[in-house]
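What follows is each chain in one-letter form.
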Amino acid sequence: MYHPRPGEKGIGPRFWPNHIVTEIASAVCFLGLIVLLAGLFPKGLPPPADPFTTPEHIKPEWYFLALYQVLKLVPREFMGISDFNKPFTLIFSGIVVLALMALPWLDRTPPTLQNPLKRPYILAIVIIGLIGFIAMTYWGSVSP
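What comes next concerns the included structure. (Residues numbered from 1 in each chain as written. Predicted model: local features only at pLDDT ≥ 70, side-chain atom pairs only at ≥ 80, totals over all residues. Heavy atoms only, no water.)

Once that is clear, we can look at the overall build of the protein. Helix and strand counts for the protein come out as four helices and zero strands. For the protein, the α and β elements follow one another from N to C terminus as α-α-α-α. When the 144 residues of the protein are sorted by exposure, 10% land in the buried category. In the protein, of all internal contacts separated by at least 6 residues, the share reaching a separation of at least 24 is 44%. (Helix = DSSP H or I, 4+ residues; strand = E, 2+ residues; numbered from the N terminus. Buried < 20%, exposed > 50% of the residue type's maximum accessible area, 1.4 Å probe, protein only. Contact = heavy atoms within 4.5 Å.)

Attention shifts here to the environment of Arg-76. Secondary-structure assignment places Arg-76 in the loop between helix H2 (65-73) and helix H3 (85-106). According to the relative accessible area criterion, Arg-76 is exposed, its value standing at 57%. C-alpha of Arg-76 to C-alpha of Lys-86: the two residues are ten residues apart in sequence and 8.0 Å apart in space.

Next up on the list: the pattern of salt bridges. Following the criterion strictly, the structure yields one salt bridge and no others. Note that Asp-83 and Lys-86 form a salt bridge whose closest N and O atoms lie 3.9 Å from each other. You can call Asp-83 partly exposed: its relative accessible area is 35%. (Salt bridge = Lys/Arg side-chain N within 4 Å of Asp/Glu carboxyl O.)

Below, the discussion takes up the side chain of Ser-143. Here Ser-143 is to be found in the segment after helix H4 (120-142). At a separation of 3.5 Å, a polar atom in the side chain of Ser-143 contacts the main-chain carbonyl oxygen of Gly-140. With near-sequence residues (within four places) excluded, Ser-143 lies in contact with Lys-59, Gln-69 and Lys-72. (Polar contact = N/O pair within 3.5 Å; in protein donor to acceptor, adjacent residues only side chain to side chain.)

In this model H4 runs 33 Å from its N-terminal to its C-terminal C-alpha over 23 residues, within 8% of the 33 Å that 1.5 Å per residue would give. Burial in H4 covers these residues: Met-136, Thr-137 and Gly-140. Close packing links the buried residues of H4 with H2. (Expected span 1.5 Å × (residues − 1).)

Another aspect to go through is the packing of H2 against H4. Where H2 meets H4, the axes come as close as 7 Å, and the angle between the chain directions of the two elements is 75°. Here H4 runs roughly perpendicular to H2, going by the angle between their axes. In this structure, H2 uses Leu-65, Ala-66, Gln-69, Val-70 and Leu-73 to contact H4, whose residues at the interface are Phe-133, Met-136, Thr-137, Trp-139, Gly-140 and Ser-141. Looking at side-chain class alone, the contact of H2 with H4 contains seven nonpolar, four polar and no charged residues. (Axes fitted to C-alpha atoms, helices over the stretch in contact; angles between N-to-C directions. Parallel < 35°, antiparallel > 145°, perpendicular 65-115°, else oblique. Nonpolar A, V, L, I, M, F, W, Y, C, P; charged D, E, K, R; others polar.)

Here the focus is the nonpolar core. The biggest cluster of nonpolar side chains holds five residues, and these are Ala-66, Val-70, Val-74, Phe-84 and Met-136. Excluding its chain neighbours within four sequence positions, the residues that come into contact with Met-136 are Leu-65, Ala-66, Gln-69, Val-70 and Leu-73. (Core = buried A, V, L, I, M, F, W, Y, C linked by side-chain atoms within 4.5 Å.)

Here we take up the packing of aromatic side chains. The tally for this structure, following the rule as stated, stands at five aromatic pairs. Ring geometry for Phe-88 versus Phe-92: centroids 6.3 Å apart, planes at 10°, classification stacked. Taken as a pair, Phe-88 and Phe-92 lie in helix H3 at a separation of four residues, close to a single helical turn. (Phe/Tyr/Trp six-rings, centres within 6.5 Å; stacked < 30°, edge-to-face > 60°.)

As a further point, take the environment of Pro-75. Summarising the element assignment, Pro-75 is placed in the loop between H2 and H3. Along the sequence, Pro-75 and Phe-88 sit 13 residues apart, while their C-alpha atoms lie 9.9 Å from each other.

Here it is in structure tokens:
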């Protein structure tokens, strides 16, 4: 911010108190509008939970449906390990995320070859991964 010397005129309004006062006034008006709308259109509470009735099958949000389907596909017991599917799915998803995070360091392609059509292996991996994610998400959404 420009600070003029003593006796010199500044360029534009001063930050303190002019700008701060207008920001505080805007915040107070916005807060008053929110309080007014909350008073005019109150949102009711949902009915209380009934611990004696089990709800229908609950599914996760769409971005977790692929992992949910992997969790359902992996057998619960494998090679004598009970409850095998949960740690496997957790480790699998962690490896995928770490591989995606490490990709900028693993990719040694020169900047001149950054066209995806000139990199068929990476393009194939990306397309197969996207198709797999979309297919698993759809399968998780329609499966019971």
